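Report on the structure
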Amino acid sequence: MGNFSYRTVQRFFEEKQQWAQLRWLLIKSHISEKCLGTWVLIGDEVVVTKSGKQTYGLGRFFSSIQNQAVPGLCFINISLLHVESRKSYPLLAEQLLKKSPGNCA
């Protein structure tokens, strides 16, 4: 592995990356014909409690653990699950944002 400067890392993240394609290539490299069996596509919405006012995406989201709306961040996670090996391969992890009251989009 080469010696990368901080600026090189910044340039990498400034470019649009095909993260879904990269994840799929990584998953495919771990899946072989030995991994036959039952595969399930699963999704889960995760709420992380957070205080403060300056955090991007901060809103009130329903937490099933606390059985109420709590201040925090919300993420959607989608994974491919191999039932027999009990291994999960994440395909998508994105932050969900609350729509502002005047936003109809």
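Anything mentioned here points back to the structure above.
Report on the accompanying structure. Values in this document were obtained by computation on a predicted structure and should not be read as measured data. (Residues numbered from 1 in each chain as written. Predicted model: local features only at pLDDT ≥ 70, side-chain atom pairs only at ≥ 80, totals over all residues. Heavy atoms only, no water.)

1. A short note on the pairing of strand β4 (residues 87–96)
Where strand β3 (residues 68–82) lies against β4, nine bridges are found, and the strand directions are antiparallel. The residue of β4 that forms the bridge with H82 is K87. Joining the antiparallel neighbours β3 and β4 is a turn of four residues, in which R86 adopts a positive phi near 60 degrees. (Pairing = 2+ DSSP bridges. Helix = DSSP H or I, 4+ residues; strand = E, 2+ residues; numbered from the N terminus.)

2. Quick look at the layout of surface pockets
Volume-wise, the largest pocket comes out at about 200 Å³. For the largest pocket, the full set of lining residues is D44, E45, V46, V47, V48, T49, F62, S63, S64, I65 and Q66. Those elements that place two or more of their residues in the lining of the largest pocket are β1 (39–49) and β2 (59–63). Top element by residues in the lining of the largest pocket is β1. It accounts for six residues. Among the residues forming the lining of the largest pocket, the class breakdown is five nonpolar, four polar and two charged. (1 Å grid on protein atoms, 1.4 Å probe; cavity = no way out; pocket = protein on both sides within 12 Å on 5 of 7 lines; lining within 4 Å. Points joined across faces, edges and corners; volume = space filled by probe spheres on them. Nonpolar A, V, L, I, M, F, W, Y, C, P; charged D, E, K, R; others polar.)

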